[in-house]
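Chain and residue survey
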Amino acid sequence: MTPTDAPLNRPASELPTRCEVLVVGAGPAGSAAARSLAQAGLDVVLVDQQAFPRDKVCGDGLIPDTHRALERLGVLDEVMALAQPVQHVRCIGPRGGFIDVPGRLAVLPRRELDLVLCRAAAAAGARMHAPLRFLAPIEDEGGRVVGARLRAGEVASEIRARWVILASGAAPQATLAAGMCERRTPSAIALRGYVKNDAMVGRITELEVLWHRRIKPGYGWIFPCRDGVFNIGVGVSHSHRRGRGGRHAMTDVNLREVFTAFTEAHPAARALMDGGQLLGELKGAPLRCSLAGARLARPGLLVAGEAAGSTYALTGEGIGKALETGLLAAEAVAADLRDPAPDTEAIATQATCHRYAAAIEALRPRFDIYERADTVNAHPWLVDLLVWSAKRSPRRLQRMSGVLEETHTPGNLVTPRNLLRLVFGR
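Residues numbered from 1 in each chain as written. Predicted model: local features only at pLDDT ≥ 70, side-chain atom pairs only at ≥ 80, totals over all residues. Heavy atoms only, no water.

The next thing to look at is the nonpolar core. Of all hydrophobic cores here, the largest spans 97 residues; its most connected members are Leu22, Leu37, Ile165 and Tyr356. The contacts of Leu37, once residues within four sequence positions are left out, are Val21, Leu42, Val44, Ile165, Ala330, Val333 and Ala334. Listed in part, the 22 residues of the second largest apolar core include Met200, Ile232, Val234 and Ala261. (Core = buried A, V, L, I, M, F, W, Y, C linked by side-chain atoms within 4.5 Å. Buried < 20%, exposed > 50% of the residue type's maximum accessible area, 1.4 Å probe, protein only. Contact = heavy atoms within 4.5 Å.)

Moving on, we get to empty space enclosed by the protein. With the rule as written, the count across this model stands at 1 cavity of 30 Å³ or more. Size it by volume and the largest cavity reaches roughly 30 Å³. As for the largest cavity, its lining consists of Gly61, Ile63, Asp65, Thr66, Tyr312, Glu317, Gly318, Ile319, Gly320 and Lys321. Looking at the lining of the largest cavity, the element that brings in the most residues is helix α8 (residues 319–337), giving 3 residues. Its residues placed into classes, the lining of the largest cavity shows 3 nonpolar, 4 polar and 3 charged. (1 Å grid on protein atoms, 1.4 Å probe; cavity = no way out; pocket = protein on both sides within 12 Å on 5 of 7 lines; lining within 4 Å. Points joined across faces, edges and corners; volume = space filled by probe spheres on them. Helix = DSSP H or I, 4+ residues; strand = E, 2+ residues; numbered from the N terminus. Nonpolar A, V, L, I, M, F, W, Y, C, P; charged D, E, K, R; others polar.)

The next subject is the pairing of strand β12 (residues 218–224). Among the 7 residues of β12, 7 are classified as buried, and the element is accordingly described as predominantly covered. Burial of β12 is two-sided: the residues Gly218, Gly220, Ile222 and Pro224 facing one way and the residues Tyr219, Trp221 and Phe223 facing the other way are all buried. Sheet topology places β12 next to strand β13 (residues 229–237); 7 bridges connect them, and they run antiparallel. Opposite Phe223, over in β13, you have Asn231 as the bridge partner. Turn length for the β12-β13 hairpin, with the two strands adjacent in sequence and antiparallel, is 4 residues, and the turn residue Asp227 shows positive phi of about 60°. (Pairing = 2+ DSSP bridges.)

In an α-helix, one full turn covers 3.6 residues, which means residues spaced three or four apart are oriented alike. With 12 residues, helix α12 (residues 381–392) extends 17 Å from end C-alpha to end C-alpha; this agrees with the ideal 16 Å at 1.5 Å per step. Among the residues of α12, those classed as buried are Leu382, Val383, Asp384, Leu386, Val387, Ser389 and Ala390. (Expected span 1.5 Å × (residues − 1).)

A few words on the sheet that holds strand β4 (residues 84–92). Pairing within the open sheet is mixed, and its 8 strands lie in the order β3-β5-β4-β11-β12-β13-β10-β16. The open sheet has two edge strands with one neighbour each: β3 (61–62) and β16 (277–287). Where α12 meets the sheet, its contacts fall on β4 and β5 (98–107), and the angle it forms with β5 comes to roughly 90°. (Axes fitted to C-alpha atoms, helices over the stretch in contact; angles between N-to-C directions.)

Following both chains from N to C, one finds α12 and helix α13 (residues 394–405) inclined at 120°, their axes separated by 5 Å at the closest point. Taking contact as the criterion, the partners of Ser389, Ala390 and Arg392 in α12 are, on α13, Pro394, Arg396 and Met400. Each residue belonging to the contact of α12 with α13 can be placed in one class, and the counts come to 3 nonpolar, 1 polar and 2 charged.

Turning our eyes to something else, we now look at the pattern of salt bridges. Under the counting rule described, the total for this entry stands at 17 salt bridges. The partner of Lys283 in a salt bridge is Asp55, and the shortest N-O contact between them spans 3.1 Å. In this pair, Lys283 is assigned in strand β16 and Asp55 in the loop between β2 (44–47) and β3, connecting sequence segments 228 residues apart. Overlapping salt bridges bring together Asp65, Arg68, Lys321, Glu324 and Glu406 as one network. (Salt bridge = Lys/Arg side-chain N within 4 Å of Asp/Glu carboxyl O.)

Moving on: the packing of helix α6 (residues 255–265) against helix α7 (residues 267–275). For the pair α6 and α7, the least separation of the axes is 5 Å and the interaxial angle reads 105°. By the criterion of interaxial angle, the relationship of α6 to α7 is roughly perpendicular. Here Phe259, Phe262, Thr263, Glu264 and Ala265 of α6 come into contact with α7, specifically with Pro267, Ala269, Arg270 and Met273. Class assignment for the residues of the contact of α6 with α7 results in 6 nonpolar, 1 polar and 2 charged. (Parallel < 35°, antiparallel > 145°, perpendicular 65-115°, else oblique.)

Let us now look at the packing of aromatic side chains. Applying the stated rule across the entire model yields 4 aromatic pairs. Ring geometry for Tyr219 and Trp221: centres 6.0 Å apart, planes at 35°, overall tilted. Each of the two residues, Tyr219 as well as Trp221, counts as buried. Between Tyr312 and Tyr370, the aromatic rings sit 4.0 Å apart at their centres with planes inclined by 10°, giving stacked as the arrangement. With a gap of 58 residues between them, Tyr312 in the loop between β18 (301–303) and α8 and Tyr370 in helix α10 (residues 364–373) connect regions that are remote in the sequence. Per residue, the accessibility class of Tyr312 equals that of Tyr370, and both read buried. By way of ring pairs, the aromatic residues Tyr219, Trp221 and Phe223 are connected into one cluster. Here the guanidinium or amino end of Arg90 rests over the ring plane of Phe98, the centre of that ring lying 4.1 Å away. Of note, Arg144 hangs over the ring of Trp163, and the distance from its end group to the ring centre comes to 5.1 Å. (Phe/Tyr/Trp six-rings, centres within 6.5 Å; stacked < 30°, edge-to-face > 60°. Lys NZ or Arg CZ within 6 Å of the ring centre and 35° of its normal.)

Among the surface-exposed residues, Trp381, Leu385 and Trp388 lie close enough to one another that they form a single nonpolar patch of about 300 Å² accessible area. Relative to the helices and strands, Trp381 resides in helix α12. Take Trp381: its relative accessible area is 44%, and that puts it in the partly exposed class. (Patch = residues over 30% accessible without salt bridge, like charges linked within 9 Å, V, L, I, M, F, W, Y side chains within 5 Å. Areas by Shrake-Rupley, 256 points an atom, 1.4 Å probe, with all protein chains shown as cover.)

It is worth spelling out the layout of surface pockets at this point. Taken as a whole, the second largest pocket holds about 230 Å³ of empty space. Lining of the second largest pocket is provided by 19 residues; of these, Ser187, His238, Cys289, Ser290 and Glu371 occupy positions nearest its centre. In the lining of the second largest pocket, the residues fall into 8 nonpolar, 8 polar and 3 charged.

The next point concerns unusual backbone geometry. Going from Ala130 to Pro131, the amide bond is cis rather than trans, its omega being 0°. Note that Pro131 resides in the loop between β6 (127–129) and β7 (133–139). Along the chain, Lys216 connects to Pro217 via a cis peptide bond; the corresponding omega equals 5°. Of note, Pro217 is situated in the loop between β11 (207–210) and β12. Non-glycine residue Asp60 carries a positive phi angle of around 70°. Following the sequence through the fold, Asp60 ends up in the loop between β2 and β3. In this structure, Leu314 is a non-glycine residue whose phi angle is positive, near 80°. Position of Leu314 relative to the elements: it lies in the loop between β18 and α8. Here Leu314 falls in the buried class, since its relative accessible area comes to 13%.

Have a look at this one:
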């Protein structure tokens, strides 16, 4: 079966009563897990609360970790045939200076990318049903998750599964229902739009990210898509802070005002908006970053993707790590299902949970780099120093490229304490 022939959006009336693995959420993490498990010969059902294709608020940037994960899934060539290739991330400081950090990069709207991934999962044999909303897990007498309750419109249904992978995205409803949510509020918020402006083709050719005092504690971006379309948006980090009683509450920020400030502070953004046509409306979305906000595993259920906080702080990139967590969840589940002996089932289930949690924790050093560097969003003048430092030394630019390509994991990055070492170190 080819991806284009694979059936999507099967009706709820055709939902089976049993499967080996139920994957909730057909975004990058869920589709990656479903494809990998189906390729391993397992009986997989994939559900999503929206019918595909569907829009998803995102910057649409495909950084090097995304390329590697897409290659593992066998869909990189298909994605790149649709995407706009890009050579650099352009980091722009408040004074207008910039550095171009090279890497394997591209831009593809999530409507197209997620459709490719979902079709690939279905082509591998996963049965994809939508729209179906996750209501709650089904538990046995010992508290192990053995399936899920789902709803399509006013009709509820149940499906039994030996494992459930919850890849439901940043909204907390599913993780709350599953008893996996540790923090209701997101880590950051973003606002994105698409602008058609043929005059800017050739003028904006990189992944442009701007830091400026007028948009702190956040950043603005412009990413070039194909056919004269540009993804433009703003993100605000640490949008919800801990207050009295330990509860998180949203800070006083208006994303539309931040977006307006970005278009006024960045000449390219102003030119793009003044001479372009906004396609649709600006849309906002929450982000969950730095592997925070949810438990990763319980017997019978694993949490993957942005539900598990798979998005990087600083710039909000999360597609690659969402794919990676989905693949790690699939590996853990497949290993468990290869050893179905009843007398070891409880032990094997706990071992699977520990194995998956350990695999996710092994990713933490990467997230910590971006979390520490997130201080730039609150102190954008640091980018001016970074630009000055990188222009003085090609080696420092190579280090930044190594961070992007994940070939270099520094012990520290952009913090006021470590700034002198960054600027003057060899």
